[in-house]
Amino acid sequence: MEKDAVVQPQYIYIMFTHTGTWFSKVLRLITRNEFTHVSISLDKSLTQLYSFGRNTIKERPWEAGFVHEDPRGGVYKELSGTRCVVYQLEVSSEQYLRAKQIIEYFLRNQSEFKYNFPGLFFMAMGWPKRFRRRFVCSQFVAFVLENSGTLHFEKDFSLIRPQDLGRQSFGAVLYRGELANYDTVAG
């Protein structure tokens, strides 16, 4: 009789940050939440980290869109005091593969996706409104998690804010502190 193959767990990483940009300060003031941005990664080292925002603080806000974030470069390097909390979410192989496929679709079509500035108004009003190829960070992460079968939300993903994702049960916190010091955990 053959022994059952050991299935290695797969993980998706959810990172919440507060960079200290003027936009994040405004969001923090309005929401009264510690973290104002959320990203999703397919690896513990966060080299496959994705969200909606800007690549550098020099970019104009209206140029924001789907970004492959670099925790050691771009906005995070420019704002070295960025605070974060990283969750490790155990998922099935199928959920991981589906999340990867969704993110790869966004990567292939990156230039078509824009930051969802109109959606901020609808989120504030509590009105679900989906815009074609427009997301804010939390809408994107919720979209990936829901469409990969990882999580189900009680409200439409267009209304999901970082604090809503923060209320999810992701398990134990993998890291909390300055993003610049994250390498000590991921190493």
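Look above for the structure.
### A word on the overall build of the protein
Helix and strand content of the protein: seven helices and eight strands. Accessible surface computed for the protein: about 10200 Å², of which carbon and sulfur atoms make up 52%.

### Description of the side chain of histidine 37
Within the fold, histidine 37 resides in strand β2 (residues 37-41). Here the side chain of histidine 37 touches serine 39 through a polar contact of 3.4 Å, side chain to side chain. Polar side-chain contacts of histidine 37 include one of 3.4 Å to the side chain of serine 51. Apart from the residues within four sequence positions on either side, histidine 37 is in contact with Met15, Phe16, Thr17, Ser51, Phe52, Glu69, Tyr76, Cys137 and Pro162.

### Structural notes on helix α5 (residues 137-147)
Among the 11 residues that make up α5, eight are buried, leaving the element largely enclosed by the rest of the structure. Residues Cys137, Ser138, Gln139, Phe140, Val141, Ala142, Val144 and Leu145 constitute the buried set of α5. Directly after α5, the chain includes glycine 149, whose backbone phi takes a positive value near 80 degrees.

### Digging into helix α3 (residues 93-108)
Helix length check: α3 (16 residues) gives 22 Å between terminal C-alpha atoms against 22 Å at 1.5 Å per residue, within 8%. If you check which residues of α3 are buried, you get Gln95, Tyr96, Ala99, Ile102, Ile103 and Phe106. Here the buried residues of α3 occupy an arc of 130 degrees about the axis, which is enough to place them on one side. Facing away from the buried side of α3, by more than 90 degrees, are the exposed residues Glu94 and Arg108.

### Comments concerning the environment of tyrosine 76
For tyrosine 76, the location among the structural elements is in helix α2 (residues 74-78). Through-space distance from the C-alpha of tyrosine 76 to that of asparagine 55 is 9.0 Å; in sequence the pair is 21 residues apart. Contact partners of tyrosine 76, with chain neighbours within four places excluded, come to Met15, Thr17, Thr19, His37, Ser39, Leu49, Glu69, Asp70, Pro71, Thr82 and Leu179.

### Regarding the packing of aromatic side chains
Scanning the entire structure with this criterion turns up 27 aromatic pairs. Judged by centre distance (6.1 Å) and plane angle (55 degrees), the rings of phenylalanine 122 and tryptophan 127 are tilted. Ring centres of phenylalanine 135 and phenylalanine 140 lie 6.5 Å apart, and the angle between their planes is 85 degrees; on these two criteria the pair is classed as edge-to-face. Given the relative accessible area of 6%, phenylalanine 135 is considered buried. Owing to a relative accessible area of 0%, phenylalanine 140 belongs among the buried residues under this scheme. Among the aromatic side chains, those forming a connected cluster through ring pairs are Tyr50, Phe52, Phe66, Tyr105, Phe106, Phe113, Phe135, Phe140, Phe143 and Phe157.

### Here we look at the environment of phenylalanine 113
Relative to the elements of secondary structure, phenylalanine 113 occurs in the loop between α3 and β6 (114-115). In this structure phenylalanine 113 comes out as buried when scored by relative accessible area, which is 5%. Sequence-wise, phenylalanine 113 and glycine 65 are 48 residues apart; in three dimensions their C-alpha atoms are separated by 5.7 Å. Contact partners of phenylalanine 113, with chain neighbours within four places excluded, come to Phe52, Gly65, Phe66, Tyr105, Phe106, Arg133 and Phe135.

Conventions we followed
Residues numbered from 1 in each chain as written. Predicted model: local features only at pLDDT ≥ 70, side-chain atom pairs only at ≥ 80, totals over all residues. Heavy atoms only, no water. Helix = DSSP H or I, 4+ residues; strand = E, 2+ residues; numbered from the N terminus. Areas by Shrake-Rupley, 256 points an atom, 1.4 Å probe, with all protein chains shown as cover. Polar contact = N/O pair within 3.5 Å; in protein donor to acceptor, adjacent residues only side chain to side chain. Contact = heavy atoms within 4.5 Å. Buried < 20%, exposed > 50% of the residue type's maximum accessible area, 1.4 Å probe, protein only. Expected span 1.5 Å × (residues − 1). Arc of directions from axis to C-beta. Phe/Tyr/Trp six-rings, centres within 6.5 Å; stacked < 30°, edge-to-face > 60°.

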